[in-house]
Structures are given as structure tokens and as C-alpha cells.
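Chain and residue survey
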Amino acid sequence: MRRVNWVKYHQTFRLLTGILLLIAILAVPFIAPVNQYLSIPNQVTAFDNASSPINVPALGDNVSVNTSGNSLQAIDSTEFYAKEPGNHELIYEAAGMPIKKVDVSALEDIEVIPGGQSIGVQLHTLGVLVVGHHQIKGENGMVSPGEDANIEVGDVILEINGEEVKEMEDVKPVVEEAGENDEKMDVKVKRDDETIKTTLDPVKDAEEGDYRIGLYIRDSAAGIGTMTFYDPETKNYGALGHVISDMDTQKPIEIHNGSIVRSNVTSIEKGNHGTPGEKQAKFSMQDEKIGSITKNSPFGIFGELNKPIKNGEYDEPMPIALSHEVKEGPAKILTVLEGEEVKEFDVKVVSSVPQKFPAKKGMVVQITDEELLNETGGIVQGMSGSPIIQDGKVIGAVTHVFVNDPTSGYGVHIEWMLQETGVEVEDKEGQDQAS
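Scope of this entry: the structure provided in the associated data block. Numbers given to residues run from 1 along each chain, matching the order in which its sequence is written. Where totals are concerned, whole chains, interfaces and linings use all residues; where local detail is concerned, this predicted model gives features only for residues with pLDDT of at least 70, and gives and counts side-chain atom pairs only at 80 or more. Computation of side-chain values: all heavy atoms of the structure, hydrogens and water removed.

Observations concerning helix α4 (residues 171-180)
How we decide: Throughout this description, buried means an accessible area under 20% of the type-specific maximum (1.4 Å probe, protein chains only), exposed means over 50%, and partly exposed covers the range between. Each helix is a run of H or I in the DSSP string that is no shorter than four residues. Each strand is a run of E no shorter than two, and both are numbered from the N terminus. Directions are taken from the helix axis to each C-beta atom, and the arc is the one they span. Working rule for contacts: check all heavy atoms of both residues, and any pair within 4.5 Å makes them a contact.
The set of residues buried in α4 consists of V171, V175, E176, A178 and G179. Buried positions in α4, seen along its axis, are confined to an arc of 165° and lie on one side of it. Residues E177 and E180 are exposed on α4 and point more than 90 degrees away from its buried face. Close packing links the buried residues of α4 with β9 (118-133), β12 (156-160), β14 (185-191), β17 (211-212) and β18 (215-230). With its phi angle positive at about 55°, D182 sits one or two positions after the end of α4.

This is the structure in C-alpha cells:
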């Protein structure tokens, strides 16, 4: 009996010890000094100027933060700035002993000229895009050769009989020739990341007498958006802040080339709950082209301007802010409500997530400007790309509207748009060391 009691006592003791240990472990992060220590970052990225301070947490009066050399200048005990680009260190010391090291990557200052101009956009696809199937009345009834050849909506026709297809006009003469010679066509199509080869047998339309392939195709797309920024030295620009997708396939358009022109905003369809608003604008691709489009990416369209353009509000280069520098609170956007006049409007950054790697929708932005709310109801289609400015820095661009709350929407951080132009904002070596 005594042995049984001793075993029960031992098991109870072990259980209580385990519970107490678990409570102690769970409580550790909530102990103030430990929590403060854990909040110290391992690596920080900033620009080499006093307007981009490096802030680190304090650990109390008995712990000092020192620099490893003369490249970091102290503003106060926990705020520093880099005097030159490169890799530096901040060291926490207690009683002269190092207890924590922070790697600092200082980047050369980056400045861009913010946009806000309304632009007309035309993209020419890589090959021709299949946007639908249709039936043809042939000798043997209704058929769709394209569908029979396993060509799907969203596929891009790259080649026919070994010849590159660049536009819709390239297709018809090849189809007619194959039909007249009673020959099948060898077709190469791109489907997502895969290249597929198939054969396509044209059918003579019994009503019109032409040979057809039963596919609806398109080689270009057009729309409006907003210029976000351009680099006055390289003339590289970024706009829209999000990818352009085909309206029928809903897939991103793979482009061969494209161009942008000025557009004139004629009216605005106001947004409300459940229905996004829209800018109505006029433009002609026959007008003078202000720039080329070389990339259609998840972060917008990019290319090179033919000459500098002005917005009348901010026509001088401005520094950018990295994602961790963006603060919740007041900001401005630049956009057009009428004609080509760029105006400044008040917004609020509701939230911003610091991001180490490229990601969309890094910010939530709310329109607070009464004039803008009265005219548009908030964020409307065509406003995508409107630059966001905070504390004298370009921080990103408006990209999406919340359908159920048109006063608010998403924004993308400027650093990811800049990377699409070839500007390496983040220090890759520093990231590798921290990982």
C-alpha cells in the first residue's frame, strides 16, 4: 500500500512540475526585459541619409547601444543614421560586455519623381491570345477545329507551320493557304509555363466560303491607369501597381511590347458599396507616345519614357521609403479627376506590413479627402497607380479598391515596383547573412 501511494505521489509531483515548467515557458515572452530583448531585430536596412533614421529598442539605463565604427552617426541613444552605404553594426553592451549585435545594411539614397498623370495604355501580346471558341458550319455539320485541336481559352499561339505569329493579320493568310491545299497546320501554343504542339485542320465555312479555325483571337489590349513614378536619370517608369489581365481569360497578358499616351479624364462614375466606380477617359494610340511598355508584372507596367513629364505638384525628385519606414497615419495621393490636372488628396495609411520579400497588397489605404469622396466615392478603377506620399517620401501606389467599402483599398510598397525597373532596393548580401 505504501509503495502504491509513493508511486501516485511521484506521478503527481512530476505532473505539477511539468505544468509549472510549461507556465514558466509561456510567461517568458511577457516578462518585460526578455520581451524587449526579443524585439531587437537581427538585421536592419536603411538609406545613407539623416532623413532615414535607424530606430532600435532600448533595454534600460544599464544597457548602451554602440556603433562598430564611424559610419553610423548617433542621433540619440536608440536612433542612428548611416553616413555612407555599406554593411555596419550596432552593438548592445551591458557592463562593457556585448549582449546583442544588429547588422545594418545602408543603401545609397534612391529618389524618383512621383507621377499621378492619367495614361492610356496599349499592350501587344506575345503571339495571339485565344479568348474563345466558336462553331463553324462545314460539310459535316457544326465543328470547332480549334477546340478539336485541344487549344484552350487563354492559350497563346506562338507559331504556325514554323513561322512566328506576331499579330492577328499573320493568321488569316496561313489558314487560307492550308485550307486551299487541304493541309493541316502545325501549331505551337503557350499554356501558362508549358509549350504545346498540336495540329489544326481548317474548315471551310459553308455560308461565307472562307476557311476558319473556330477560335476568337486577340493581339492587343487597351485601358487607362495612373503613372506612379519615373527615374529622371534612366527615364524608367512604373505605373498601375498591379498586373494587366485579359478581360475574357482573366489571365495576365504576356506582352511583346506596348506604349503609353496621355489620357484626358472626361467623367467619373461614382463608386458605392458592392459596385466599384470608374474613371471615364479619352485617349488615342495615334497620339504622341510618351513611353514604351516592356514589362507587365504583378507590380504594374514598366518601361521607358520618351521624355520627362510633369504633374505640376511634385516635379522634383523625392526620396522613397522602405516598407518598414511606412507609418500608420496621414498621407497624400496624386491623381486626376478632370482633364489632365494632377491634384493632391488626403488619405490615411490604415495599416502597413514591413516586407522582406516582394509582395502585393502591403498597405491598406483609406480616402479621407472630402473633395475626393464627393467626386468619386473613394477609390475607383483608373486610379490604380496613384502615388502615395508620406512625410516627403514616395511610399507606394494605390492598387485595389474594397468592393464593399470603396473608401478604402490596398496599396503596394514602392520598393517592389522599383525592383521591376532593375533597381535593387534591398541588400541581398545582408539578407543572406540574416537568414
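Description of the environment of T199
Considering the arrangement of structural elements, one finds T199 in strand β15 (residues 194-200). You can call T199 partly exposed: its relative accessible area is 40%. Between the alpha carbons of T199 and K188 there is a distance of 8.7 Å; along the sequence they are 11 residues apart. Excluding residues that lie within four positions of it along the chain, T199 makes contacts with A149, K184, M185 and D186.

What about the sheet that holds strand β7 (residues 97-107)?
Strand pairing within a sheet occurs via backbone hydrogen bonds; the two strands may be parallel or antiparallel. Let me state the cut-off plainly: We treat two strands as partners when DSSP finds at least two bridges between them. All axes here are fitted lines through C-alpha atoms, helices being fitted over the stretch that makes contact, and every angle between N-to-C directions spans 0 to 180 degrees.
Read from one edge of the open sheet, 4 strands run β1-β7-β6-β3, paired in mixed fashion. In this open sheet, the two edge strands, each paired with only one partner strand, are β1 (43-47) and β3 (63-67). Ignoring which end each strand starts from, the neighbouring axes of this sheet average 25° apart. Of the strand pairs in this sheet, β1 and β7 are connected by 5 bridges, and their pairing is parallel. The partner of A46 across the bridge, within β7, is A106.

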